[in-house]
Amino acid sequence: MLSKSMQESLNNQVKLEAMSSQAYLAMASWAEIQPGLEGVAEYFFLQSEEERIHMLKLMRFINERGGFAIVPTLEQPIVTYKGIKSMFEEFLKHEMIVSDSINDLVDLALKEKDYATHNFLQWYVNEQIEEEKSARILNDKLELIGDDKSGLYLFDRDIMQTRQKKR
Ligand code: OFO
């Protein structure tokens, strides 16, 4: 059985995963209407779906452990960007916030000696290592590319391969 505070914290994480899904969906939509960013758009459409799966996984866990998973109210995410670089910076920033939040949950699980939740959270700890790594690599590549249009063309062409390597 989940404690009240653990249930509340896990529900906050449900909200954060839902916000991630919305934020990446907005990034996908913005990228889709920019010329030549089809690969980036595809990347974020898939990323958004993945975040929804993370949310569902948490909801099922909360309910399985005798809690009640709450579908959250969400604010509108950022829908436009001044450029691809600022969008990817936002992506990394967001993933770092999610990692901090997962770490806080792990802390709470240990404090409460809730080893079942601690065990469940390890999947998220590993996932965040991967997600932050991917976001950092993509930001580094964009830094290197700068204003080089052919570099950006290759970035867009190859971004899905970065995703496949993640798995
Ligand atoms: Fe949910 O994995 Fe990143 O945010």
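Residues numbered from 1 in each chain as written. Predicted model: local features only at pLDDT ≥ 70, side-chain atom pairs only at ≥ 80, totals over all residues. Heavy atoms only, no water.

Peer 1: How do you make sense of the overall build of the protein chain when you look at a structure like this?
Peer 2: When its secondary structure is counted, the protein chain shows five helices and zero strands. Counting helices and strands in the order they occur from the N terminus, the protein chain gives α-α-α-α-α. Dimensions of the protein chain, computed from the C-alpha atoms along their principal axes, are close to 55 × 25 × 20 Å. A buried classification covers 46% of the 167 residues belonging to the protein chain. Summarising the internal contacts of the protein chain: among those between residues at least 6 apart in sequence, 80% fall at separations of at least 24. On the protein chain, roughly 9600 Å² of surface is accessible, and the fraction owed to carbon and sulfur atoms is 55%. With 20 positive and 28 negative side-chain charges, the protein chain shows a spacing of 3 Å between the two charge centroids. (Helix = DSSP H or I, 4+ residues; strand = E, 2+ residues; numbered from the N terminus. Buried < 20%, exposed > 50% of the residue type's maximum accessible area, 1.4 Å probe, protein only. Contact = heavy atoms within 4.5 Å. Areas by Shrake-Rupley, 256 points an atom, 1.4 Å probe, with all protein chains shown as cover. Lys, Arg positive; Asp, Glu negative; His and termini not counted. Charge placed at Lys NZ, Arg CZ, Asp CG, Glu CD.)

Peer 1: Looking at this structure, I do not really get the side chain of Glu17. What am I missing?
Peer 2: Mapped onto the elements, Glu17 comes out in helix 1 (residues 4–32). For Glu17, the side chain forms a polar contact with the side chain of His54, separated by 3.5 Å. Discounting chain neighbours no more than four positions away, the residues touching Glu17 are Glu51, His54, Met55, Leu58, Val98, Ile102 and Tyr124. (Polar contact = N/O pair within 3.5 Å; in protein donor to acceptor, adjacent residues only side chain to side chain.)

Peer 1: I keep staring at the nonpolar core and nothing clicks. Help me out?
Peer 2: Where a protein is soluble and globular, its nonpolar side chains tend to be buried together. The biggest cluster of nonpolar side chains holds 23 residues, and the ones touching the most others in it are Val40, Phe44, Met87, Phe88, Phe91 and Phe155. Considering each element in turn, this core owes the most residues, six residues, to helix 1. When residues no more than four places from it in sequence are discounted, the contact partners of Phe91 are Tyr24, Met27, Tyr43, Phe44, Gln47, Ala135 and Leu138. In terms of nonpolar packing, the next biggest core, distinct from the first, is built from 21 residues, Leu10, Leu16, Leu58 and Ala69 among them. (Core = buried A, V, L, I, M, F, W, Y, C linked by side-chain atoms within 4.5 Å.)

Peer 1: Would you mind showing me how to read the packing of aromatic side chains here?
Peer 2: Under the counting rule described, the total for this entry stands at twelve aromatic pairs. Taking 5.9 Å as the distance between ring centres and 75 degrees as the angle between the ring planes, the aromatic pair formed by Trp30 and Tyr81 counts as edge-to-face. On the criterion of sequence distance, the pair formed by Trp30 in helix 1 and Tyr81 in the loop between helix 2 (38–64) and helix 3 (84–111) is long-range, its members being 51 residues apart. Across the pair, Tyr81 and Trp30 agree in class, each one buried. (Phe/Tyr/Trp six-rings, centres within 6.5 Å; stacked < 30°, edge-to-face > 60°.)

Peer 1: Looking at this structure, I do not really get the environment of Ile159. What am I missing?
Peer 2: Residue position: Ile159 is located in helix 5 (residues 149–166). Taking relative accessible area as the criterion, Ile159 reaches 1% and is therefore assigned buried. Along the sequence, Ile159 and Ala41 sit 118 residues apart, while their C-alpha atoms lie 9.9 Å from each other. Filtering out sequence-adjacent residues up to four positions away, Ile159 remains in contact with Gly39, Val40, Tyr43, Phe88 and Leu138.

Peer 1: Just checking my understanding: could you explain the pattern of salt bridges for this structure?
Peer 2: Opposite charge on two side chains permits pairing when their charged atoms draw close. Enumeration over the complete set of coordinates arrives at six salt bridges. The salt bridge involving Lys93 is made with Glu90; its shortest N-O contact spans 3.4 Å. Highlighted residues: Lys93 and Glu90, both in helix 3, separated by three residues, approximately one helical turn. Judged by relative accessible area, Lys93 falls into the partly exposed class, the value being 48%. (Salt bridge = Lys/Arg side-chain N within 4 Å of Asp/Glu carboxyl O.)

Peer 1: Would you take a moment to explain a negative patch on the surface for this structure?
Peer 2: On the surface, a cluster of negative charge is made up of Glu32, Glu38, Glu42 and Glu49. For the negative patch, the element with the most residues is helix 2, which contributes three residues. Secondary-structure assignment places Glu38 in helix 2. (Patch = residues over 30% accessible without salt bridge, like charges linked within 9 Å, V, L, I, M, F, W, Y side chains within 5 Å.)

Peer 1: Help me out: how do you make sense of the packing of helix 1 against helix 2 in this one?
Peer 2: In helix packing, the relevant descriptors are the interaxial angle and the interaxial distance, both defined with respect to the helix axes. Packing of helix 1 against helix 2 brings their axes to within 8 Å, and their N-to-C directions diverge by 165 degrees. Considering their axes alone, helix 1 and helix 2 lie roughly antiparallel with respect to each other. Crossing geometry of helix 1 relative to helix 2 is assigned as left-handed. Across the contact of helix 1 with helix 2, the residue classes tally to 17 nonpolar, nine polar and four charged. (Axes fitted to C-alpha atoms, helices over the stretch in contact; angles between N-to-C directions. Parallel < 35°, antiparallel > 145°, perpendicular 65-115°, else oblique. Left-handed = near helix turned anticlockwise from the far one by under 90°. Nonpolar A, V, L, I, M, F, W, Y, C, P; charged D, E, K, R; others polar.)

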